[in-house]
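Observations on the three-dimensional arrangement
If you want the building blocks of each chain, they are given just below.
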Amino acid sequence: MYVITAPTSTIGRLIVDDLLGRGEKPRLVTRDASRLAPGVRERAEIVEGSHGDEAVVDRACADAEAVFWLAPDDGDAPSTDAAYVDFTRPAARAFARHGVRRVVAVTALGRGTRLAEHAGAVTSSRAMCDLIAASGVNFRAVACPSFMHNLLNHVRSIREQGLFSMMADPDLKAPAVAARDIAATAVRLLLDGTWTRSGEVACLGPEDLSPNDMARIVSEVLGTEVGYRQITGAALKERMTGFGMSEGMAQGLVDMFEAKNRGLDNAEPRTAGSTTPTTFRQWCEEVLKPAVTG
């Protein structure tokens, strides 16, 4: 039995579709089963509730061979440690109690670097992975830089203002990865019963790009001028708390981007194994452009 948490998330949906396409019947842990596509509900086993709940995750892990773990975005959490580490504690106990053979989780880059020790959401995400590994299960962390799909948060400003804005240094070249490549890596690890102990697999995309490089590519794909504007940490925090995010979670994002600007995502050496196939241009053509023009 393959258990998938956060099955309606960007990455989770792709993993579910992949497993269903292989003829598997995964067990999906979701707060609201009505958000699943009808074809998915009919072909999967559903456990309804939060996977941060002890009883829910215990029920989900019964007879599980492998679990895909993804802590949900929780802007209401008081801190990034609460959102990642505290949320995962019941699951870590359940993994050990039920003898789950493999757990795969998505996390950030930076293990072994000083930057990762003070990087807000990244630091908490890595602590979450340490907690899972300490449960004794065979564990793999899929370690990622920034996600290409985060640019979908800027669709309205791209469409209406020809602009997207982030904290990232406009000229700093860094890796970025597509959700489809993260999902493909996770599925491969879930299905592969040969690996043991704990480790991580980096997914770096095929190239390093700066925000200015991305703006140029977006402009070329959309056929209209799109610019990039760097904003301060204070401005980002004000924006996120204005959207209802807690002070602690907003500060965690600021700390994360400050670490990225100091080279956090550039510390992982690129190898053939960590280079995933989807280019930013391809992602813009297939995902961003329909979102902007549609």
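Structure: above.
Below is a short write-up of the structure. (Residues numbered from 1 in each chain as written. Predicted model: local features only at pLDDT ≥ 70, side-chain atom pairs only at ≥ 80, totals over all residues. Heavy atoms only, no water.)

**Focus on the packing of aromatic side chains**
- All chains considered together, the criterion is met by four aromatic pairs.
- Relative to Tyr 228, the ring of Phe 164 lies with its centre 5.2 Å away and its plane at 50°, an arrangement referred to as tilted. Taken together, the residues span a long stretch of sequence, with Phe 164 in strand S8 (residues 163-166) and Tyr 228 in strand S12 (residues 227-230) at a distance of 64 residues.
- Residue classification places Tyr 228 among the buried residues on the basis of a relative accessible area of 12%.
- What links up through ring pairs into an aromatic cluster is the set Trp 69, Phe 87 and Phe 95. (Phe/Tyr/Trp six-rings, centres within 6.5 Å; stacked < 30°, edge-to-face > 60°. Helix = DSSP H or I, 4+ residues; strand = E, 2+ residues; numbered from the N terminus. Buried < 20%, exposed > 50% of the residue type's maximum accessible area, 1.4 Å probe, protein only.)

**Focus: helix H5 (residues 121-134)**
- With 14 residues, H5 extends 20 Å between its outermost C-alpha atoms, agreeing within 8% with the 20 Å of an ideal straight helix rising 1.5 Å per residue.
- Restricting attention to buried positions, one finds in H5 the residues Ala 121, Val 122, Ser 124, Ser 125, Arg 126, Met 128, Cys 129 and Ile 132.
- Phi turns positive one or two residues past the end of H5, at Gly 136, with a value near 95°. (Expected span 1.5 Å × (residues − 1).)

**Let's talk about the side chain of Ser 219**
- Here Ser 219 is to be found in helix H8 (residues 211-222).
- Residues in contact with Ser 219, not counting those within four places in the same chain, are Thr 224, Glu 225 and Val 226. (Contact = heavy atoms within 4.5 Å.)

**Examining the sheet that holds strand S1 (residues 2-5)**
- Taken in spatial order, the seven strands make up an open sheet running S3-S2-S1-S4-S5-S6-S10, and their pairing is parallel. Each having just a single partner strand, strand S3 (45-48) and strand S10 (198-202) make up the two edges of the open sheet. Mean inter-strand twist for the sheet, computed between neighbouring axes without regard to direction, equals 20°.
- Relative to strand S5 (residues 102-108), strand S4 (residues 66-69) runs parallel, the two being bridged by four bridges. (Pairing = 2+ DSSP bridges. Axes fitted to C-alpha atoms, helices over the stretch in contact; angles between N-to-C directions.)

**Focus: unusual backbone geometry**
- Unlike most non-glycine residues, Ala 6 shows phi in positive territory, near 50°.
- Judged by relative accessible area, Ala 6 falls into the buried class, the value being 13%.
- In the Ramachandran plot, Asp 63 falls in the positive-phi region, its phi being about 55° despite a non-glycine side chain.
- With respect to the element layout, Asp 63 can be found in the loop between helix H3 (54-61) and S4.

**Things to note about the nonpolar core**
- Counting 45 residues, the largest nonpolar core has Val 67, Trp 69, Phe 95, Val 103, Met 128, Ile 132 and Phe 139 as the members making the most contacts within it.
- The set of elements that each furnish at least two residues to this core consists of H3, S4, helix H4 (80-98), S5, H5, strand S6 (138-144), helix H9 (233-242) and helix H10 (247-261).
- Residue contributions to this core peak at seven residues, all from H4.
- If you look at the next biggest cluster of nonpolar residues, it comprises 30 residues, including Val 104, Ile 182, Ala 186 and Leu 190. (Core = buried A, V, L, I, M, F, W, Y, C linked by side-chain atoms within 4.5 Å.)

**Points about the sheet that holds strand S7 (residues 146-147)**
- Reading across the sheet, the three strands line up as S7-S9-S11 and stay open at both edges, with mixed pairing between neighbours. This sheet does not close on itself; its edge strands, each paired only once, are S7 and strand S11 (208-209).
- By the bridge criterion, two bridges tie S7 to strand S9 (residues 174-177) in an arrangement that is parallel. Within S9, the residue paired with Phe 147 across the bridge is Val 177.

**Section: the environment of Pro 90**
- Inspection of the secondary structure puts Pro 90 in helix H4.
- It is 7.2 Å that separates the C-alpha atoms of Pro 90 and Val 57, two residues lying 33 residues apart in sequence.
- The contacts of Pro 90, once residues within four sequence positions are left out, are Gly 52, Asp 53, Glu 54 and Val 57.

**As for the packing of H4 against H5**
- Here H4 crosses H5 at 10°, and the two axes come no closer than 9 Å. Compared by their axis directions, H4 and H5 come out roughly parallel. Taken together, the residues of H5 that come into contact with H4 (itself represented by Thr 80, Asp 81, Tyr 84, Val 85, Thr 88, Arg 89, Ala 92 and Phe 95) are Ala 121, Ser 124, Ser 125, Ala 127, Met 128, Leu 131 and Ile 132.
- Along the lines of polarity and charge, the residues of the contact of H4 with H5 split into nine nonpolar, four polar and two charged. (Parallel < 35°, antiparallel > 145°, perpendicular 65-115°, else oblique. Nonpolar A, V, L, I, M, F, W, Y, C, P; charged D, E, K, R; others polar.)

**Considerations on the state of the cysteines**
- Tallied over the full model, the rule gives zero disulfides.
- Cys 203 supplies the cysteine sulfur nearest to Cys 144, a cysteine that is in no disulfide, at a spacing of 5.0 Å.
- Overall, the relative accessible area of 1% leaves Cys 203 in the buried class. (Disulfide = S-S within 2.5 Å.)

**A short note on the pattern of salt bridges**
- A full pass over the atoms with the stated rule returns 19 salt bridges.
- Glu 54 is the partner of Arg 97 in a salt bridge, and the nearest nitrogen-oxygen pair spans 3.5 Å. Of this pair, Arg 97 sits in helix H4 while Glu 54 sits in helix H3, and the two are 43 residues apart along the sequence.
- Owing to a relative accessible area of 46%, Arg 97 belongs among the partly exposed residues under this scheme. (Salt bridge = Lys/Arg side-chain N within 4 Å of Asp/Glu carboxyl O.)

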